[in-house]
Amino acid sequence: MVSKIPSSSYTAFILMEKMLMLGTSLNSIEMIDYARSQGIYTIVTDYLPPEKSRAKLAADEYWMINTSELDLLEKKCREEGVTSVVCGISEFNLEMAMELCRRIGLPNYCTPEAWSFSRDKEKFKTLCKGIGAPVATDYHVSFPPTEEELDAVKFPVVVKPVDLSGNRGISYCYDKEELCEAIDYARSCSKNPKLVVERMLKGREWYSYYAMAEGEIRLIGLNAMISEPGELKNLYSLTTTVTDKVDRFITEINPKIEEVLKAVGCKEGIAWVQVMLDEDDKFYIIEMGYRLPGDLPHLQYPDMFGFDSLKWIVDLHRGIPNKVSDLPPALLHAPENCGCSYSLWTNKEGTLASFEGLDTLLATGDYKFYTLYQEGDHFARHRPVGVLVFTGKDADEICSHIDKINSTLRVFDTEGDDVMIKYTDFPFLREIYTKGQEEAVAAATHSEGNNKQD
């Protein structure tokens, strides 16, 4: 039986700030670096050796305790006087951190109830429908589906597990046979038996990014999700603020999104919501995340908007409350300066040999690179093995950066193949940037005219 120090007296045992990081995920090292800059003693725990869990090499100390061993971690945290618990971009470790914080009485921006809407797409859709937020029509199917259920489906549809992210377990279906295969596939990818079967939306996609403090929800950025022409639409090579339709998004769908987030219970921290503008010219909400996104657009925001999401979350977990006055200004129009995340999707399955040319890119100081992959690691087809993050003064500069990446970087597997899917549609980027700037000017002129009339 684990002996416990009562939470009410726990702070009496604290001699210095100690932050426990659960595992090595994207942004774990950056959070550790920030914490150490604030004089916080940092610890990383998981079952992996340091060479396989690189955040351990950046921290002051590491433990060889699996992040799922909560009883042991609770005991160790109390013995060592841990004052905050965080994790990088890992849904599993976020759930472990929430429970560990609850046991010890430490702050965490995310509550289990609010988090459940990120983990259960069906539950999220039900909430959206309940408050009149637009979502794609969905269909009930059993396992196995009945003929009546299959006859009721209007194709094409998308099938996806309710609890997975990053395109895992998703299929696009155009007939009953494909739907049955997709149901089997989705269930094989997830331990949750529930599925979402919904009308396939066709159009451009974005996700909106929000910061929250004291229950106030503030739209910070709108990120276009763009794939290379000819590749699957859900292989988003670029996540970028280079876009148009920002003013329309803010007017037509953002008020309803913020209503949804309040109903979910998002009061502190960071959240994002994925949206599509369908062929019927209407916005539809797809899903949300009450966490940092894996394609890392938030790492562009310190340069673009002066807002550091990692600091925001670490400080919250330290018990330093964020205030409404600390929030950056709300996004009103497409920004003139641009941010971009370039995800390195693979065109085949294989074993990673090297990121050739990466050192040349990083030496320029224009790019930051993030990956959990190391030489010798296996990768699946159509998975991102890294993300390059950069900013530019306009779309031309963003295109110049992408062109430089394409000509410099090679992602080689052990068979000598370059497996990186490269983005090349620069005319499209320039077109939507120009439209976005024109829309911003028009909206500002309209607003100025209204003010004069008033």
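Note: the structure precedes this text.
Note that the structure is predicted; figures quoted are calculated from it, not measured. (Residues numbered from 1 in each chain as written. Predicted model: local features only at pLDDT ≥ 70, side-chain atom pairs only at ≥ 80, totals over all residues. Heavy atoms only, no water.)

The next thing to look at is the overall build of the protein chain. When helices and strands are tallied, the protein chain shows 16 helices and 19 strands. Scaling as 2.2 N^0.38, a compact globule of 454 residues should have a C-alpha radius of gyration of about 22 Å, and the protein chain matches this with 23 Å. Counting over 454 residues, the protein chain shows a buried share of 54%. Considering only contacts in the protein chain between residues 6 or more positions apart, those separated by 24 or more positions represent 68%. Accessible surface for the protein chain amounts to roughly 19900 Å². Of this, 50% is attributable to carbon and sulfur atoms. Computed over 49 positive and 72 negative side-chain charges, the inter-centroid distance for the protein chain is 4 Å. (Helix = DSSP H or I, 4+ residues; strand = E, 2+ residues; numbered from the N terminus. Rg over C-alpha atoms; globule rule 2.2 N^0.38 Å. Buried < 20%, exposed > 50% of the residue type's maximum accessible area, 1.4 Å probe, protein only. Contact = heavy atoms within 4.5 Å. Areas by Shrake-Rupley, 256 points an atom, 1.4 Å probe, with all protein chains shown as cover. Lys, Arg positive; Asp, Glu negative; His and termini not counted. Charge placed at Lys NZ, Arg CZ, Asp CG, Glu CD.)

The strand order across the open sheet built from eight strands is β13-β12-β9-β10-β11-β14-β18-β16, with neighbouring strands paired in antiparallel fashion. Pairing within the sheet leaves two strands with one partner each, and these edge strands are β13 (283-289) and β16 (368-370). Pairs of neighbouring strands in the sheet enclose a mean axial angle of 25°, with direction left out of account. Of the pairings in the sheet, the one linking β16 to strand β18 (residues 384-392) comprises three bridges and is antiparallel in character. Its bridge partner lying in β18, Y370 is registered against V387. (Pairing = 2+ DSSP bridges. Axes fitted to C-alpha atoms, helices over the stretch in contact; angles between N-to-C directions.)

We now examine the layout of surface pockets. Approximately 340 Å³ is the volume found for the second largest pocket. At the level of secondary structure, the elements contributing two or more residues to the lining of the second largest pocket comprise α2 (28-37), α12 (301-305), α13 (309-318), β16 and β18. Residue contributions to the lining of the second largest pocket peak at three residues, all from β18. Among the residues forming the lining of the second largest pocket, the class breakdown is eight nonpolar, five polar and five charged. (1 Å grid on protein atoms, 1.4 Å probe; cavity = no way out; pocket = protein on both sides within 12 Å on 5 of 7 lines; lining within 4 Å. Points joined across faces, edges and corners; volume = space filled by probe spheres on them. Nonpolar A, V, L, I, M, F, W, Y, C, P; charged D, E, K, R; others polar.)

What follows is about helix α9 (residues 176-189). The end-to-end C-alpha distance of α9, which contains 14 residues, comes to 20 Å, matching closely the 20 Å that a straight helix rising 1.5 Å per residue would cover. The secondary structure elements touched by the buried residues of α9 are α8 (147-152), β6 (157-161), β7 (171-173) and β8 (195-199). (Expected span 1.5 Å × (residues − 1).)

A separate point is the packing of aromatic side chains. Per the stated rule, a full pass over the model turns up nine aromatic pairs. Ring geometry for F249 and F283: centres 5.8 Å apart, planes at 85°, overall edge-to-face. Taken together, the positions of F249 in helix α10 (residues 246-252) and F283 in strand β13 put the pair 34 residues apart, joining distant regions of the chain. F283 shares its class with F249; the two are buried. With a centroid separation of 5.2 Å and 50° between ring planes, the pair formed by Y301 and F305 is classed as tilted. (Phe/Tyr/Trp six-rings, centres within 6.5 Å; stacked < 30°, edge-to-face > 60°.)

Let us now look at the pattern of salt bridges. Per the stated rule, a full pass over the model turns up 40 salt bridges. The closest approach of N and O atoms between E198 and K160, which form a salt bridge, is 3.0 Å. On the criterion of sequence distance, the pair formed by E198 in strand β8 and K160 in strand β6 is long-range, its members being 38 residues apart. For E198, a relative accessible area of 7% translates into the label buried. Residue K160 is classed as buried on the basis of its relative accessible area of 5%. What you see here is one network of salt bridges that share partners, running through D71, E74, R78, E99, R102 and R103. (Salt bridge = Lys/Arg side-chain N within 4 Å of Asp/Glu carboxyl O.)

Another aspect to go through is the packing of α2 against α13. Contact pair α2 / α13: the axes reach a minimum separation of 10 Å and the direction vectors enclose 60°. In the crossing of α2 with α13, the sense of the turn from one axis to the other is right-handed. Across the interface between the two elements, E30, M31 and Y34 of α2 pack against L310, K311, I313, V314, D315 and R318 of α13. Partitioning the contact of α2 with α13 into residue classes produces five nonpolar, no polar and four charged. (Left-handed = near helix turned anticlockwise from the far one by under 90°.)

To continue, consider the packing of helix α7 (residues 121-130) against helix α11 (residues 254-264). Where α7 contacts α11, the axes come no closer than 10 Å and their chain directions differ by 120°. In terms of orientation, α7 and α11 fall into the oblique class. Crossing angle aside, the handedness with which α7 passes α11 is right-handed. Contacts from F124, L127 and C128 of α7 reach α11 at V260, A263 and V264. Tallied by class, residues from the contact of α7 with α11 come to six nonpolar, no polar and no charged. (Parallel < 35°, antiparallel > 145°, perpendicular 65-115°, else oblique.)

On to unusual backbone geometry, then. The linkage connecting F143 with the following residue, P144, adopts the cis geometry, with an omega of 0°. Positionally, P144 belongs in the loop between β5 (138-139) and α8. F155 connects to P156 through a cis peptide bond whose omega is 0°. Despite not being glycine, D281 shows a phi value in the positive range, around 70°. For D281, the location among the structural elements is in the loop between β12 (269-278) and β13. Assessed through its relative accessible area of 44%, D281 is described here as partly exposed. For H382, which is not glycine, the phi dihedral falls at a positive 60°. Within the secondary structure layout, H382 lies in the loop between β17 (378-379) and β18.

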